[in-house]
Amino acid sequence: MVVGGGVVGLSAAWRAAREGAAVTVIDPDPGGGASYAAAGMLAPVSEVTYTEESLLRLGVDSLARWPGFAAELTEDSGDDLDLRSAGTLDVAFGADDLAALGELAEFMAKLDLPVERLTGRECRRLEPLLAPSVRGGILAPGDSWVNPRRVTRALLTALSRLGVPVVRRRVAEVVVAGGTVQGVRLGGPGGPASGGVRPGRAPLLLQDSGEAPETIPAEQVVLAAGAWTGSLPGVPDGVLPPVRPVKGQIMRLRTPYPALTRCVRGTVHGSPVYLVPRGDGEVVLGATQEEMGFDTRVTAGGLWEILRDARELVPGVTEWEVTDVVAGLRPGTPDNLPAIGPTALPGLLVASGHHRGGVLLAPLTADLVVRLLAGETIVDHPCSPSRFEESSR
Ligand code: GLY
């Protein structure tokens, strides 16, 4: 049983079902929450940060799995995911941003990352809509991106074709007896585990709330409930990893002409912003990073911050039509690495805590979950949820 129908839970369910496992997914709004908000950058190289080399290696590993994952998902669903591989251009606005970019380029060189340092003029040659004030950049040609809304829709179609039930209910509690997981007890169709609000619902309704039994037994439960993972009732204290919500506001714009050919990231006086172009003319601008608990309100200040910085890098953004604004909750952990693996409670596995990288890390996570469900022990993995138990001793 997979609790959570975001990109991570649905990917794990799909891969497990493909391997012949009997799978059920529980989520009141599959494809909603953080996966619905996400821009879909598959950008481990341009998103590298100084203290997070383990995360970089995981991201590079998962990025390499994306083409095969996408091809098989398209085969199973018939859907095009808009997977693009034209790279990320990371640009600097002010002199302070350029200095920081220079230091980052040196760090990337030490890590042997395949990047290219560019002048402002070279950046504008690649992306003519960039402002004359852009001072320089780093091109990460291997970075890619995908449309997460298409991915979750394709996963739901693929699951439907494999006969996997997706139960649109929230989980009230995990049922534990004799020291092992027995299944889950269901709550109402919405509620605290609903993962945020979004306009429209996914088209699939494989089992409506009236048909689903109140308790669903399961030999193994994979908890992929995103920001809600740390607080599932019924699980003994200390078993769940410390996952917290990190709010991200994000907006979608429509351009009347092809605007950008690459993902463009940048810093404007230290404030990060990104622009992710789609094949259909959409450009996604993101994102805030806020420690606001489970608040998913879209605020004027959040949107202003994104637009203010995006306009400095690409002045034309203010001409484009706004089509969507949304706030999602990234599942953050203390070390920014996900928690993937068994917990101290037999039968309960976790696949969560992916923070800013859920879409990127979905193929790797799904492959790990399939191996774990098959009984494999993965030793010394950086994502083991037990690292939190050890550090708290
Ligand atoms: N990965 C981009 C974000 O979380 O905003």
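Look above for the structure.
Given the structure is predicted, the values throughout are model-derived calculations rather than measurements.

Calculation criteria
Residues numbered from 1 in each chain as written. Predicted model: local features only at pLDDT ≥ 70, side-chain atom pairs only at ≥ 80, totals over all residues. Heavy atoms only, no water. Phe/Tyr/Trp six-rings, centres within 6.5 Å; stacked < 30°, edge-to-face > 60°. Helix = DSSP H or I, 4+ residues; strand = E, 2+ residues; numbered from the N terminus. Buried < 20%, exposed > 50% of the residue type's maximum accessible area, 1.4 Å probe, protein only. Contact = heavy atoms within 4.5 Å. Near = heavy atom within 4 Å. Polar contact = N/O pair within 3.5 Å; in protein donor to acceptor, adjacent residues only side chain to side chain. Areas by Shrake-Rupley, 256 points an atom, 1.4 Å probe, with all protein chains shown as cover. Nonpolar A, V, L, I, M, F, W, Y, C, P; charged D, E, K, R; others polar. Core = buried A, V, L, I, M, F, W, Y, C linked by side-chain atoms within 4.5 Å. Pairing = 2+ DSSP bridges.

**Student:** Run through the packing of aromatic side chains, naming residues and quoting values.
**Tutor:** All told, the structure shown has 4 aromatic pairs when counted by the stated rule. Between Trp228 and Phe294, the aromatic rings sit 5.3 Å apart at their centres with planes inclined by 40°, giving tilted as the arrangement. Of the two residues, Trp228 sits in the loop between strand 12 (221–223) and strand 13 (244–254) while Phe294 sits in the loop between strand 16 (282–286) and helix 7 (300–313), which places them 66 residues apart along the sequence. Of the residues examined, Trp228 reaches a relative accessible area of 16% and is grouped as buried.

**Student:** Summarise the environment of Pro233; cite the residues concerned and give the values.
**Tutor:** Relative to the helices and strands, Pro233 is located in the loop between strand 12 and strand 13. Taking the C-alpha atoms as reference, Pro233 lies 36 Å from Glu305; in sequence the two are 72 residues apart. When sequence neighbours within four positions are dropped, the list of residues in contact with Pro233 reads Ala172, Glu173 and Val174.

**Student:** I'd love a proper account of the site of the ligand, names of residues and values included.
**Tutor:** Inspection of the region around the ligand gives Met41, Glu47, Tyr274, Ala287, Arg330 and Arg356 as its neighbouring residues. For the ligand, an oxygen atom lies 2.7 Å from a polar atom in the side chain of Arg330. The protein chains hide 89% of the 200 Å² of surface that the ligand would expose on its own. Partitioned by chemical class, the residues of the shell around the ligand number 3 nonpolar, no polar and 3 charged.

**Student:** Account for the nonpolar core, naming residues and giving values.
**Tutor:** Counting 45 residues, the largest nonpolar core has Val25, Trp66, Leu73, Leu81, Val151 and Leu159 as its most contacted members. Beyond its immediate chain neighbours, meaning those up to four positions away, Leu81 contacts Trp66, Ala70, Leu73, Thr74, Val146, Asn147, Arg150, Val151 and Ala154. Within the second largest apolar cluster, 26 residues are counted, among which are Met251, Leu285, Ile306 and Val314.

**Student:** Before we move on, can you summarise the pairing of strand 10 (residues 180–186) with the specific residues and values?
**Tutor:** Here 6 bridges tie strand 9 (residues 171–177) to strand 10, and the two strands are oriented antiparallel to one another. Within the sheet, the bridge partner assigned to Val171 lies in strand 10 and is Leu186. If you look at the hairpin formed by strand 9 and strand 10, you'll find 2 residues sitting between the two strands, and Gly178 has a positive phi there, around 60°. Sheet topology note: the strand 10/strand 11 (residues 215–217) ladder contains 3 bridges and is antiparallel. If you follow Val184 over to strand 11, its bridge partner there is Ile216.

**Student:** Describe unusual backbone geometry, naming the residues involved and giving the relevant values.
**Tutor:** Most peptide bonds are trans, and most residues other than glycine sit at a negative phi. Cis rather than trans, the peptide bond between Gly286 and Ala287 has omega equal to -20°. The phi dihedral of His269 is positive, around 50°, even though this residue is not glycine. Within the element layout of this structure, His269 appears in the loop between strand 14 (263–268) and strand 15 (271–277).

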